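Topology and contacts: notes
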Amino acid sequence: MSTIGNIVSLASTNNTSSNRDLPINLDIHQVKRNPSVKRTPGIIDIEVYYNENTHTIEILYDGESIGEVFIYLDDKIVGYSSDINTIISLPSENGNYKIEIITDYWIAIGYIEL
């Protein structure tokens, strides 16, 4: 598995995220080469935020890949979406959450401690 990027999500002034959103860093790894792309993939346009007010994780993705999102708390799945662009509510428990975004061509993983 080769690393193709390390994305740091930062809130911008024209983003819909509020002041209570915390960006979540993602490590992105290529798992398979997309045959329709004739060059090395560049930056994957994806941002992940945790909202302290709503206790949710929001994923904003602008790309062609189709994938799934898994949220883990202590190695147990506590959230799932069959779409990358999603908002997932977290259980009220504190702990170390793992966000895993899986597509056919890349995997992104991030963590947040609550």
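Structure's up top.
Residues numbered from 1 in each chain as written. Predicted model: local features only at pLDDT ≥ 70, side-chain atom pairs only at ≥ 80, totals over all residues. Heavy atoms only, no water.

So, the sheet that holds strand β2 (residues 21-23)
With antiparallel pairing, 4 strands are arranged side by side in an open sheet as β2-β4-β5-β8. Every interior strand has two partners, whereas the edge strands, β2 and β8 (86-89), have only one. The sheet shows a mean angle of 25° between the axes of neighbouring strands, direction not considered. With 4 bridges connecting them, strand β5 (residues 56-61) and β8 associate as antiparallel partners. (Pairing = 2+ DSSP bridges. Helix = DSSP H or I, 4+ residues; strand = E, 2+ residues; numbered from the N terminus. Axes fitted to C-alpha atoms, helices over the stretch in contact; angles between N-to-C directions.)

Notes on the pairing of strand β10 (residues 106-113)
Bridge count between strand β3 (residues 26-30) and β10: 4 bridges; the pairing is antiparallel. What sits directly across from H29, in β10, is I107. Alignment of strand β9 (residues 96-103) against β10, held across 7 bridges, turns out to be antiparallel. Looking at β10, one finds that E100 is bridged to I109. Counting the residues in the hairpin turn of β9 and β10 gives 2 residues.

Describing the packing of aromatic side chains
On inspection of all chains with the given rule, the structure shows 3 aromatic pairs. Summarising the aromatic geometry, the rings of Y61 and W106 are spaced 5.6 Å apart at their centres and angled 55° between planes, so their arrangement reads as tilted. Within this pair, whereas Y61 is found in strand β5, its partner W106 is found in strand β10, the two being separated by 45 residues in sequence. Judged by relative accessible area, which is 11%, Y61 ranks as buried. Summarising the aromatic geometry, the rings of F70 and Y80 are spaced 5.1 Å apart at their centres and angled 55° between planes, so their arrangement reads as tilted. Placement of F70 in strand β6 (residues 67-73) and of Y80 in strand β7 (residues 76-81) is noted, with a sequence separation of 10 residues between them. Under the relative-accessibility criterion, F70 is labelled buried at 15%. Classification of Y80 as partly exposed rests on a relative accessible area of 42%. By the ring-pair criterion, three or more aromatic residues cluster together here, those being F70, Y72 and Y80. (Phe/Tyr/Trp six-rings, centres within 6.5 Å; stacked < 30°, edge-to-face > 60°. Buried < 20%, exposed > 50% of the residue type's maximum accessible area, 1.4 Å probe, protein only.)

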